[in-house]
Amino acid sequence: MSYFHSVTLDKDKCRGCTNCIKRCPTEAIRVRGGKAKIIKGRCIDCGECIRVCPYHAKRAVTDDFEELKNYKYNIALPAPSLYGQFSDVSDINVILTGLLKIGFDDVFEVARGAEYISAATKEIYKKRSGSKPFISSACPAVIRLIRVRFPNLIDSIIDLISPMETAGRLARKEAVQKTGLKNEEIGVFFITPCPAKMTSIKSPLTLDKSEISGAISVNDVFAKLFPIIGDIKEPKALMKSSLSGVYWSRSGGEADGAAIENYIAVDGIENVIKILEEIEDDKVSGIDFIELSACLGGCVGGVLNVVNSYVAKNHIKNISKTLHNRPCETKDIDLGSLSCSKKLEYEPVMELDDDFDKAMEMMDELEEIYDSLPQLDCGSCGAPSCKALAEDIVRGFADESFCIVNMKAKVQELATELLASDKDNREEEE
């Protein structure tokens, strides 16, 4: 099946280094012919390759402000992490007012959508049964990771749409009532801190169709807001979110918002993989809820943000000081309206073959090839590990000559033999 991917490669900038292949959580990148290649079926659009590429050869495809021209009325859905990008702003209303000044007709905070999802999570948590922990459904990169690497955990994911989609639905409903326009005349644009959110809009996995018209990156919005933000002296009273919604931007905020005490919050894709492996092996017990974020620190660590995640987290703490006594304004929760319309399905991109017997034969061949490799995982072959190279060879995408270490050893052995032969010939002549 084909999906839209936000993460793309600029081949002209790629130098063929191996930084990206080492950090990809699904081994979706190879270096072949001196250039990186993204295996689309495995890519989860987490953005790690964008983060580590020293040549900026990886980039995220997001929408630009020209897209607003396609609609009569445009609504900005700012992710709470946007608030952490401005060190000198002490009032969220300033940022929201700024969004109106750069081209949007209205704003609807994703933090409000987060409050609804927190309330829904609380209701589902009360009715939980069984010993396995719930897994958060908020991070689309994590959902795609589970889909391709941890299919046994799919049923543990809580059946709720994201705060972004919740905010989009509520924003559309309010806009139709306010303007009298048709749905298709209203543009709803998420201001995204990461490429995975863009992908979830264009190719949703648990929805028939996204409510969001598009996504504009935080850094693109920041570039327009920064020059004018200091001139906003009398901001409009636009903010309606509470502290619990805003704190979804950082790791642990989701569980705190749902008032779940017995939880763990894991951030950073490598840490997420480790905990998912432990859950799959039944090594995690006594935990009710697991909040997972692909980015370090949570959404404040998204690769499309501007400032360091630790700095952004501190900015959000400071800007939220006025929200401590502000109540959530969620109305009665209709769990049906916040549930996913499609079940997440396993995508067997890691399997060697659809036929079980054939797959087992290929696995035996893979292990034999792997044993013949140096197992240094140096990446010189263009694959992230010796195991990955062995898999590529079995699949027919590479051959054993790709291993630089083994080839060097063979060349050295051949050279030694030639020198020895030459020495023997000289001795015979003497």
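Described below are features of the structure shown in this document. Small disclaimer: the values here were computed from a predicted structure and weren't measured.

### So, empty space enclosed by the protein
At step 1: Summed over all chains, the structure comprises four cavities of 30 Å³ or more.
At step 2: Looking at the largest cavity, it is lined by 26 residues, and the ones nearest its centre are A138, C139, K197, W248 and C299.
At step 3: Breaking the lining of the largest cavity down by element, the ones donating at least two residues are α4 (110-126), α6 (163-179) and β11 (289-293).
At step 4: If you tally residues by element for the lining of the largest cavity, the top one is β11, at three residues.
At step 5: Looking at the lining of the largest cavity, its residues break down into 16 nonpolar, seven polar and three charged.
At step 6: Its boundaries defined by the atoms lining it, the second largest cavity holds a volume of some 100 Å³.
At step 7: When its residues are assigned to classes, the lining of the second largest cavity shows 10 nonpolar, two polar and two charged.

### A word on the nonpolar core
At step 1: Membership of the largest hydrophobic core comes to 34 residues, with the highest contact counts inside it found for I95, L99, F104 and V221.
At step 2: For L99, the residues in contact, after removing those within four places along its chain, are A76, P78, L82, F104, V107, I191, V221 and L225.
At step 3: Among the nonpolar cores identified, the runner-up in size contains 31 residues, and C46, I143, V266 and I290 belong to it.

### A few points about the packing of helix α5 (residues 140-149) against helix α7 (residues 195-202)
At step 1: Remark: α5 packs on α7, axes separated minimally by 8 Å, with the N-to-C direction vectors making an angle of 70 degrees. Judged by the inter-axis angle, α5 sits roughly perpendicular to α7. Facing α5, whose interface residues are P140, A141 and R144, α7 presents A196, K197, T199 and S200.
At step 2: Looking at the contact of α5 with α7 residue by residue, the class counts come to three nonpolar, two polar and two charged.

### As for the packing of aromatic side chains
At step 1: Scanning the model with the defined rule gives four aromatic pairs in all.
At step 2: For the pair F86 and F222, a centre-to-centre distance of 5.1 Å together with 35 degrees between the ring planes defines the contact as tilted. One end of the pair, F86, is in the loop between β5 (73-78) and α3 (92-101); the other, F222, is in helix α8 (residues 218-229), and 136 residues separate them in sequence.
At step 3: With relative accessibility at 5%, the residue F86 sits in the buried group.
At step 4: The buried category is assigned to F222, whose relative accessible area is 14%.
At step 5: Taken together, the ring pairs in this structure connect F86, F222 and F226 into an aromatic cluster.

### Structural notes on a negative patch on the surface
At step 1: Taken together, the side chains of E351, D354, D355, D357, E361, D364, E365, E368, D371, D399 and E400 make up a negatively charged region of the molecular surface.
At step 2: Position of E361 among the secondary structure elements: in helix α14 (residues 356-372).

### Side note on the pattern of salt bridges
At step 1: Inspection of the entire model under this criterion finds 17 salt bridges.
At step 2: The partner of K178 in a salt bridge is D106, with the nearest N and O atoms 2.7 Å apart. Linking K178 in helix α6 with D106 in strand β6 (residues 106-107), this pair joins segments that are 72 residues apart in sequence.
At step 3: By relative accessible area, which is 54% here, K178 ends up exposed.
At step 4: Accessibility expressed as a relative area gives 15% for D106, which makes it buried.
At step 5: D155 is paired through a salt bridge with K343; the nearest N and O atoms lie 2.8 Å apart. With D155 in the loop between α5 and α6 and K343 in the loop between α13 (335-338) and α14, the pair connects residues that are 188 residues apart, well separated along the chain.

Thresholds applied
Residues numbered from 1 in each chain as written. Predicted model: local features only at pLDDT ≥ 70, side-chain atom pairs only at ≥ 80, totals over all residues. Heavy atoms only, no water. 1 Å grid on protein atoms, 1.4 Å probe; cavity = no way out; pocket = protein on both sides within 12 Å on 5 of 7 lines; lining within 4 Å. Points joined across faces, edges and corners; volume = space filled by probe spheres on them. Helix = DSSP H or I, 4+ residues; strand = E, 2+ residues; numbered from the N terminus. Nonpolar A, V, L, I, M, F, W, Y, C, P; charged D, E, K, R; others polar. Core = buried A, V, L, I, M, F, W, Y, C linked by side-chain atoms within 4.5 Å. Buried < 20%, exposed > 50% of the residue type's maximum accessible area, 1.4 Å probe, protein only. Contact = heavy atoms within 4.5 Å. Axes fitted to C-alpha atoms, helices over the stretch in contact; angles between N-to-C directions. Parallel < 35°, antiparallel > 145°, perpendicular 65-115°, else oblique. Phe/Tyr/Trp six-rings, centres within 6.5 Å; stacked < 30°, edge-to-face > 60°. Patch = residues over 30% accessible without salt bridge, like charges linked within 9 Å, V, L, I, M, F, W, Y side chains within 5 Å. Areas by Shrake-Rupley, 256 points an atom, 1.4 Å probe, with all protein chains shown as cover. Salt bridge = Lys/Arg side-chain N within 4 Å of Asp/Glu carboxyl O. Lys, Arg positive; Asp, Glu negative; His and termini not counted. Charge placed at Lys NZ, Arg CZ, Asp CG, Glu CD.

In short, the description is geometric, and any link to function would need to be established separately.
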